Protein chains: 2
Amino acid sequence: MKLKIAIVILLMFSFSCKEKTTTISDDKKETSTATSQEHPNLILTAQGVKDIRAQLGNIPIFDKSLEAVKKEIDAEISAGIEVPIPKDYSGGYTHARHKKNFVVLQKAGVLYQILQDDKYAKYVKDMLMEYEKMYKTLPLHPKTRSYARGKLFWQCLNDSNWLVYVSQAYDCIYNYLSEEERNKLETNLFRPFADHISVDSPQFYQRVHNHSTWGNAAVGMIGLVMNDQELIDRALYGIKGVNLDTKAKDDDGGFLNKDGKAGFLANIEEPFSPDGYYNEGPYYQRYAMYPFLIFAEGLNNVKPEMKIFEYKEGVLLKSINALLNLSDADGDFFPLNDGQKGMSYYNSALVTAVDISYHFGDQDPGLLSIASKQDKVLLDDSGLAVALGIKNGKEVPFTRKSINLSDGPKGKQGGVGILRNEDIELVFKYAAQGSSHGHYDKLSYSLYEDGEEVIQDYGLARFVNIEQKGGGNYLKENKTWAKQTIAHNTVTQNETSHFTGKYEIGSKHHSVLNYFSSENEQVQVASAKEENAYPGTEMIRTMAIIKDEDFEKPYVLDVMKIASKTVNKYDFPYYFLGQVLNTNFDYKTPETLKILGSKNGYQHLFVEGSARATSANSKLSWLNKGKFYSLTTVTDNNDELLFTRIGANDPEFNLRREAALMLRRKNTKNTLFVTAIEAHGSYNVVSESAINSKSNIKELKVVLDTQDYTAISMTTVKGSTRLFITANTNASREASHTLKINEKNYTWTGSYYYK
Amino acid sequence: MKLKIAIVILLMFSFSCKEKTTTISDDKKETSTATSQEHPNLILTAQGVKDIRAQLGNIPIFDKSLEAVKKEIDAEISAGIEVPIPKDYSGGYTHARHKKNFVVLQKAGVLYQILQDDKYAKYVKDMLMEYEKMYKTLPLHPKTRSYARGKLFWQCLNDSNWLVYVSQAYDCIYNYLSEEERNKLETNLFRPFADHISVDSPQFYQRVHNHSTWGNAAVGMIGLVMNDQELIDRALYGIKGVNLDTKAKDDDGGFLNKDGKAGFLANIEEPFSPDGYYNEGPYYQRYAMYPFLIFAEGLNNVKPEMKIFEYKEGVLLKSINALLNLSDADGDFFPLNDGQKGMSYYNSALVTAVDISYHFGDQDPGLLSIASKQDKVLLDDSGLAVALGIKNGKEVPFTRKSINLSDGPKGKQGGVGILRNEDIELVFKYAAQGSSHGHYDKLSYSLYEDGEEVIQDYGLARFVNIEQKGGGNYLKENKTWAKQTIAHNTVTQNETSHFTGKYEIGSKHHSVLNYFSSENEQVQVASAKEENAYPGTEMIRTMAIIKDEDFEKPYVLDVMKIASKTVNKYDFPYYFLGQVLNTNFDYKTPETLKILGSKNGYQHLFVEGSARATSANSKLSWLNKGKFYSLTTVTDNNDELLFTRIGANDPEFNLRREAALMLRRKNTKNTLFVTAIEAHGSYNVVSESAINSKSNIKELKVVLDTQDYTAISMTTVKGSTRLFITANTNASREASHTLKINEKNYTWTGSYYYK
């Protein structure tokens with residue numbers, strides 16, 4: 001039957017995009033008996049409302065979520081409607097108020113459906129009419145900083161946010177309104193609104209970019225509610241006949257539309273890899289997730305025949321799993337590329353993601369434990385499914401394992417490897433540029449213990465929505481510091497960022513996986529190559545987390561192999577967080593702090609200490625949040641060791657004053673950086689007891705380094721010696737290797753050897 | 001009856017301090033029917049054991065504590081006894097092992113009594129015999145750094161710790177041992193041990209100091225168990241006939257024995273004020289607390305006629321209340337003087353304190369809520385009382401209110417005022433020097449919101465028990481930085497610390513309370529004077545926390561009035577924690593960071609920014625842990641504003657890189673520093689919403705300043721104006737005042753006016 005209706009709809013659309021295919025009744029009493037063609041049908045469905053109402057009072061997490069929303073909206077209704085003339089940037093009053101309004105409208109609409117109390121519908125109607133009154137004569141927003149100015153907000157992006165939410169509100173009260181009222185709203189508000197963010201703002205809309213996804217979803221969702229096929233098509237496929245200059249750039253330095261692709265489907269196609277990795281990284285995926293999923297849910301409800309959740313082999317649902325795996329033990333997303341630290345799966349977009357993934361996916365019971373922690377659900381069919389799952393005791397812990405996520409539309413543009421063992425997590429980035437929010441951080445990594453950063457990725461230089469800090473927008477230090485290579489835990493060659501810090505070059509390239517091995521629970525390894533960041537220089541980095549009986553916790557082994565045609569200076573920083581305990585090298589601290597360099601991020605670093613390496617292993621121990629860490633790195637007498645601190649040339653205190661140890665190797669062509677990082681012991685400030693506060697590594701040594709193999713021996717304080725050999729070439733799981741080191745033969749199958 | 005026994009005991013003691021007054025039975029079966037003269041009688045009592053055994057399995061928090069101890073000790077027994085030859089400083093192996101041993105012995109003794117399982121008694125006996133074997137020929141500890149070397153440990157202090165715990169273990173297995181065994185232990189171990197830490201180490205024992213308290217308790221407790229009146233007297237009154245050089249100093253720069261007083265009673269008499277404030281501050285009180293209370297409990301059990309808990313009007317129990325009030329909302333102690341941050345009422349000494357306070361005090365049900373959070377109780381009569389209280393639902397929240405704690409043996413040497421309103425806590429220090437652990441911080445303060453530091457006190461420069469950091473002992477930066485005036489939120493005159501940083505001078509003086517007013521819940525005020533820190537300069541500081549309808553949260557008003565006979569340079573820092581958001585003054589940031597000065601702590605400060613004040617109010621806003629703060633201070637065009645950062649001249653990274661804003665006023669005799677600090681709003685990093693992120697103060701203005709009165713007007717952004725007048729003289733609660741300001745008359749009674 002669904003199929004037949006679909007055909008009818010398609011046929012009718014081909015005649016008129018304005019003609020209604022469903023019989024809309026003005027009789028409000030019919031709401032609860034609506035069929036799939038009636039309203040609500042976008043996110044809430046008539047059948048869903050019926051099911052929810054049947055369970056109310058009997059589904060704790062849903063009841064609680066509903067109660068919270070009711071309390072919030074009742075307070076808003078008492079406070080009265082405010083629809084101010086737009087004036088401010090983000091952080092300012094009118095921005096915040098309009099932002100609040102769209103959230104409130106959506107919630108009030110839902111309450112109307114679930115509680116069947118007309119006061120909510122009336123509130124939505126009244127506020128929409130206020131918007132209608134204002135919008136029909138509203139000029140462009142007075143603030144001019146955006147490449148695509150909105151009308152309610154300073155940028156079209158926020159206008160699109162508004163419409164994504166308000167479409168849902170409109171759907172919920174559709175039948176409450178008279179046809180005349182609907183015509184008024186659609187003619188004076190929704191249609192021109194949709195046009196402004198699309199045909200009037202192609203530089204915003206006609207792209208593959210998270211901004212455009214919001215635009216597409218906004219246009220598509222109001223199109224679904226209005227049953228306007230032109231809008232739906234514009235949402236799915238972009239504006240017909242409009243092609244942007246493929247070389248123009250946006251505010252962030254990203255290409256406006258490199259490939260000429262546009263529309264919601266292209267926005268699914270391009271940024272997601274087959275594994276569900278989103279090319280801009282988890283912070284922006286979280287932001288983009290909501291329009292992807294909420295529009296998909298709407299499409300699935302209104303146009304189930306499109307099978308949107310199966311599109312590109314189910315990539316939307318896969319992307320939720322990928323996103324959850326890109327969070328640490330506390331649920332905080334790894335701050336890859338531009339990402340504000342602290343963003344986590346507690347964000348409301350992730351409530352949407354988790355509930356939709358559970359409901360439209362395969363009911364993974366691990367998702368229920370995240371929903372439990374979120375302590376709220378969507379007030380729709382998917383939220384009901386989650387609430388029932390939890391109520392029926394199906395919840396199991398969500399467990400994160402080591403995972404390799406490919407990047408690129410076809411999964412051929414590098415990726416992100418996450419190694420996990422016990423409480424240790426290592427995020428290794430060998431992805432493509434990551435669109436305009438990408439950093440110049442090839443083969444960089446960050447390290448976590450139980451949700452706390454050990455070796456940090458700086459993240460972004462921005463205080464999102466804090467008006468005092470550049471209006472809450474990107475700060476100039478994001479470009480001069482946060483994106484630069486030296487801000488990351490990877491090699492900087494000759495004080496120059498990867499791809500000379502140029503997006504045009506960076507976006508053409510990606511690193512390449514050498515191998516990823518997680519079958520052996522004791523030894524998890526990721527290895528990747530980068531040949532383009534510095535032309536003429538090849539880097540292969542192999543990172544392992546190893547659980548070894550001589551160590552209390554899994555330790556990290558890091559082998560960065562560099563082969564270059566030229567003589568270079570290599571800087572290799574470790575952005576450790578915490579208090580220095582001691583080193584095995586003598587360093588000098590200067591009386592005045594000077595900057596390390598003049599550009600490419602170096603101008604933001606003060607030198608707090610310097611030394612020349614004096615032994616074959618240089619060691620640093622530090623203490624962070626009650627845990628001890630030790631770093632052991634292979635050095636020779638020509639190596640310099642620098643303690644740096646972020647914060648130079650920072651005239652508005654936009655940067656955090658955090659430290660690094662930097663290994664500097666000059667006048668070198670080919671070289672190896674070999675480092676072990678141990679997490680060990682603990683310090684309890686209440687009992688004042690320090691446990692296992694020292695490194696367990698006696699010696700770290702390179703025993704072989706050829707084009708094909710690198711072999712590292714590690715001797716523990718207890719006296720055992722381990723050998724790790726990584727295959728730099730021919731590293732497949734099936735490959736057989738035989739190798740002679742110091743007159744001894746080693747034979748194995750697979751990417752690496754460890755014993 | 002008790003009285004009679006006491007008299008008998010006293011009479012017998014007058015003949016022989018060695019003669020036993022109780023009939024000790026070798027028959028182990030009699031343990032559970034022992035009378036008050038039998039063992040155990042020190043901490044556990046025979047009756048107590050009976051009561052505990054009757055309730056076992058029925059007192060959840062006690063049962064849980066017992067289970068945890070049993071698990072720990074069973075594991076220790078399996079692991080076997082280790083009594084290594086002493087060798088290391090704190091943090092090293094032998095130190096840690098002997099430290100562990102005494103804790104384990106005490107616990108095993110208790111388990112023997114409560115569980116009546118001989119394996120625990122045997123374990124205690126076997127380990128004691130190992131100690132006996134070693135001790136009788138043991139030389140001084142090989143490490144020489146202490147002014148009073150121990151034998152098991154590098155300092156007598158730790159030897160005393162050992163004996164305080166082991167006395168309890170010995171008491172518990174006293175009846176398990178044969179008389180011969182007891183003689184062996186007492187002759188070869190306990191008696192010489194007690195002698196070493198007392199008669200052989202008078203520079204350690206014969207003082208009023210927390211170290212000596214441990215020594216006194218150790219000697220007294222083993223004396224009580226051995227029923228050795230000579231030792232008991234030595235504990236209570238010090239070593240007969242020994243007087244130390246009153247000008248000699250200890251390792252920390254404190255006088256060894258300025259007044260010639262000694263013994264446990266003197267140690268109660270001297271350091272505690274009548275309000276229970278301990279002169280070294282809460283961190284050291286926590287450390288000293290255990291020997292005070294555990295020896296007092298022992299005295300109370302063995303010699304109830306002494307009424308030790310009523311000594312000096314019950315100061316021991318009062319001191320527990322004072323100590324709990326010297327903790328923030330999370331239970332962390334304010335780091336006054338030398339105090340390591342993070343030390344809290346979760347420390348095991350506070351379990352002792354809370355349980356004893358409840359049991360021997362007036363059963364304050366608020367203490368039960370702390371015991372619940374501690375989640376463990378003492379395994380003795382007091383722990384039983386707490387467990388029963390919790391079990392019977394008597395628990396109520398422990399509420400902290402504003403409190404003024406006098407300092408000095410008679411409460412006449414200044415004090416510490418704590419102002420509290422909602423989540424805001426302000427600790428204002430106008431105390432005496434605080435013994436050798438005191439800082440040069442007259443009229444300094446620190447500010448907290450809900451347990452988080454807003455304006456910090458640096459605390460100490462030490463990583464207690466972390467061997468890599470100077471053996472876990474005080475670092476030289478404790479003296480060069482942490483103790484100096486510039487490290488505190490108070491005035492430094494001419495770059496010189498109070499009392500020129502000299503303990504000999506500082507310890508002669510104290511600040512003086514002007515007034516403390518907490519009757520009005522909306523306005524809490526503390527005011528104090530200091531006339532000796534800088535001869536010729538008088539400072540009066542008045543600090544208020546005010547709840548005002550124009551503000552979201554209570555705000556701080558800070559009025560520092562300075563009158564000097566000479567022209568000076570005043571530095572007035574605010575050690576704010578967090579990220580600078582913005583200022584209303586233009587500052588310059590230097591490209592290289594230089595030190596602010598050459599000595600008295602200034603050599604540890606880098607200058608990160610500098611400005612000249614350009615308006616009548618200078619403002620700084622910052623963000624810390626998701627909350628906004630704004631500081632508004634009255635300035636004129638001659639004022640300099642400096643951003644400083646700690647960390648210069650810190651060759652081993654011993655200091656934390658934290659910031660301050662410093663107001664500098666040069667060429668000035670008399671002046672006022674008037675500042676308001678607001679906590680407001682919040683930033684949620686998950687929803688990325690910034691709420692109420694701006695100051696509510698439009699103008700802060702001095703409207704009158706005379707010798708007798710200082711009046712400040714404050715106008716809010718909403719447009720209301722408030723007037724605060726503080727009486728600098730004649731500030732009693734009853735005093736009447738009439739004052740004309742700008743042709744208007746103000747009349748009031750009391751210390752201050754606010755409207």
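For every chain, the first residue of the written sequence is number 1, and numbering continues from 1 along that sequence. As they are written, the chains are lettered A onward and the ligands numbered 1 onward, keeping that order. Predicted model: local features are reported for residues with pLDDT of at least 70 only, side-chain atom pairs are reported and counted for 80 or more only, and whole-chain, interface and lining totals are derived from all residues. Computation of side-chain values: all heavy atoms of the structure, hydrogens and water removed.

(A) A look at the overall build of chain A. In DSSP terms, a helix is any run of H or I states spanning at least four residues, a strand is any run of E spanning at least two, and both are numbered starting from the N terminus. The helix and strand tally for chain A stands at 18 helices and 26 strands. In terms of overall size, chain A behaves like a compact globule, its C-alpha atoms giving a radius of gyration of 28 Å where 755 residues would be expected to give roughly 27 Å. Seen along its three principal axes, the alpha-carbon backbone of chain A occupies a region of about 90 × 55 × 55 Å. For each residue, the accessible area found with a 1.4 Å probe, counting protein chains only, is set against the maximum for its type, and the residue is called buried under 20%, exposed over 50%, and partly exposed in between. Within the span of chain A, comprising 755 residues, buried residues form 65% of the whole. Atoms considered for the radius of gyration are the C-alpha atoms alone. The globule rule reads 2.2 Å times the number of residues to the power 0.38.

(B) Spatial organisation of helix α16 (residues 381-391) of chain B. All names here are of chain B. Of all eleven residues in α16, nine are buried; the element is thus mostly enclosed. When we look at burial in α16, the residues that qualify are Asp381, Ser382, Gly383, Leu384, Ala385, Val386, Ala387, Gly389 and Ile390. In this description, contact between two residues means that some pair of their heavy atoms is separated by no more than 4.5 Å. Buried residues in α16 make contact with α2 (46-55), α3 (60-79), α12 (282-302), α14 (348-360) and α15 (365-374). Looking one or two places after α16, you find Gly393, whose phi comes out positive at around 70°.

(C) Spatial organisation of the domain arrangement of chain A. Residues and elements named next belong to chain A. A domain assignment, automatic or from a database, supplies the domain bounds used here. Domain parsing of chain A yields domain 1 (2-391) and domain 2 (403-703 + 710-754). Between domain 1 and domain 2, the C-alpha centre-to-centre distance is 40 Å. Counting from both sides, the interface comprises 42 residues of domain 1 and, opposite them, 47 residues of domain 2. Counting the surface lost from both domain 1 and domain 2, the interface buries some 3600 Å², and carbon and sulfur atoms represent 49% of this. What gets called buried area is simply the loss in accessible area from a 1.4 Å probe that two parts show on being joined, summed for both. In terms of surface lost to domain 2, no three residues of domain 1 exceed Asn337, Asp338 and Lys341, which account for 17% of the buried area on that side. Basic side-chain nitrogens of Lys or Arg form a salt bridge, by our definition, when they fall within 4 Å of a carboxyl oxygen of Asp or Glu. Summed over the shared surface of domain 1 and domain 2, the number is one salt bridge. By the criterion applied in these results, polar contacts are pairs of N or O atoms within 3.5 Å in which, for protein atoms, one can donate a hydrogen and the other can accept it, and in which residues neighboring in sequence qualify only through two side-chain atoms. Linking domain 1 with domain 2 are 20 residue pairs in polar contact (both at pLDDT 80 or more). At the level of elements, α12 (282-302) and α13 (311-325) are the ones that each hand at least two residues to the side of domain 1 that touches domain 2. Of the residues assigned to the side of domain 1 that touches domain 2, the class counts are 13 nonpolar, 14 polar and 15 charged. Classification used: nonpolar for Ala, Val, Leu, Ile, Met, Phe, Trp, Tyr, Cys and Pro, charged for Asp, Glu, Lys and Arg, polar for all others including Gly.

(D) Here's a closer look at the sheet that holds strand β23 (residues 709-716) of chain B. Residue and element names in this part refer to chain B. The strand order β22-β23-β24-β27 describes an open sheet built from four strands, whose pairing is antiparallel. Looking at the sheet topology across the chains shown, the edges are occupied by β22 (697-705) and β27 (752-754). Neighbour to neighbour, the strand axes of the sheet diverge by 15° on average, direction disregarded. At least two bridges found by DSSP between two strands are what make those strands a pair. Two elements, β23 and strand β24 (residues 721-727), share seven bridges in a ladder whose sense is antiparallel. Axis geometry follows a simple rule: fit a line to the C-alpha atoms, using only the stretch in contact for helices, then measure angles between N-to-C directions, giving values from 0 to 180 degrees.

(E) View of empty space enclosed by the protein. Definitions used throughout: a 1 Å grid over protein atoms alone; a cavity as a set of points that fits a 1.4 Å probe which cannot get out; a pocket as an open set with protein on both sides within 12 Å along at least five of seven lines; a lining residue as one with an atom within 4 Å of a point. Grid points are joined across faces, edges and corners, and a volume is the space filled by probe spheres set on the points. For the structure shown, the criterion picks out eight cavities of 30 Å³ or more. Lining the largest cavity are 14 residues, and of these Leu593(A), Glu608(A), Arg645(A), Leu593(B) and Arg645(B) lie nearest its centre. Elements supplying a minimum of two residues to the lining of the largest cavity: β13 (605-612) and β16 (640-646) of chain A together with β14 (605-612) and β17 (640-646) of chain B. Taken together, the residues of the lining of the largest cavity break down into six nonpolar, two polar and six charged.

(F) Spatial organisation of the side chain of Thr94(B). Position of Thr94(B) among the secondary structure elements: in helix α4 (residues 93-115). Ignoring any residue separated from it by four or fewer positions in sequence, one finds Thr94(B) in contact with Pro84(B), Ile85(B), Pro86(B), Lys87(B) and Asp88(B).

(G) Summary view of helix α6 (residues 156-173) of chain B. Taking 1.5 Å per residue, 18 residues should reach 26 Å; α6(B) reaches 25 Å between its end C-alpha atoms and fits that length. The buried fraction of α6(B) is high, at 18 of 18 residues. A helix is expected to span 1.5 Å multiplied by its residue count minus one.

(H) Representation of the packing of aromatic side chains. What counts as a ring pair is set by centres within 6.5 Å for rings of Phe, Tyr and Trp (its six-membered ring), and what kind of pair is set by the plane angle: stacked under 30 degrees, edge-to-face over 60, tilted for all other angles. Summed over all chains, the structure comprises 77 aromatic pairs over all chains. Taken together, a centroid distance of 5.0 Å and an interplanar angle of 25° make the contact between Tyr135(A) and Phe193(A) stacked. Separated by 58 residues along the polypeptide, Tyr135(A) in helix α5 (residues 118-135) and Phe193(A) in helix α7 (residues 179-197) bring together distant segments of the chain. Of the two residues, Tyr135(A) and Phe193(A), neither departs from the other in class, the shared state being buried. Ring centres of Phe102(B) and Phe153(B) lie 6.3 Å apart, and the angle between their planes is 65°; on these two criteria the pair is classed as edge-to-face. Of this pair, Phe102(B) sits in helix α4 while Phe153(B) sits in the loop between α5 (118-135) and α6, and the two are 51 residues apart along the sequence. Grouping aromatic residues by their ring pairs yields a cluster made of Phe102(A), Phe153(A), Tyr165(A), Trp214(A), Tyr287(A) and Tyr290(A). A cation over a ring is seen here: Arg145(A) above Tyr89(A), with NZ or CZ 4.1 Å from the ring centre. Only Lys NZ and Arg CZ are tested; either one counts as a charge over a ring when it is within 6 Å of the ring centre and within 35 degrees of the ring normal.

(I) View of the environment of Tyr534(B). Residue and element names in this part refer to chain B. Positionally, Tyr534 belongs in the loop between β8 (523-530) and β9 (537-546). For Tyr534, a relative accessible area of 6% gives the class buried. In sequence terms Tyr534 and Gly501 are 33 residues apart; their C-alpha atoms lie 11 Å from each other. Apart from residues no more than four positions distant in its own chain, Tyr534 is found in contact with Thr485, Val491, Thr492, Gln493, Thr496, Ser497, His498 and Met539. One polar contact links the side chain of Tyr534 to the main-chain amide nitrogen of Gln493, over a distance of 3.1 Å.

(J) Looking closely at the interface of chain B and chain A. At the junction of the two partners, chain B supplies 49 residues and chain A supplies 49 residues. When chain B packs against chain A, close to 4300 Å² is buried across both sides, 54% of that on carbon and sulfur atoms. Three residues, Gln468(B), Phe653(B) and Glu688(B), lead the burial of chain B against chain A; their summed loss comes to 18% of the area buried on that side. One can count four salt bridges joining chain B with chain A. Among the salt bridges present, the one from Glu467(B) reaches Lys694(A), with a minimum N-O distance of 3.0 Å.

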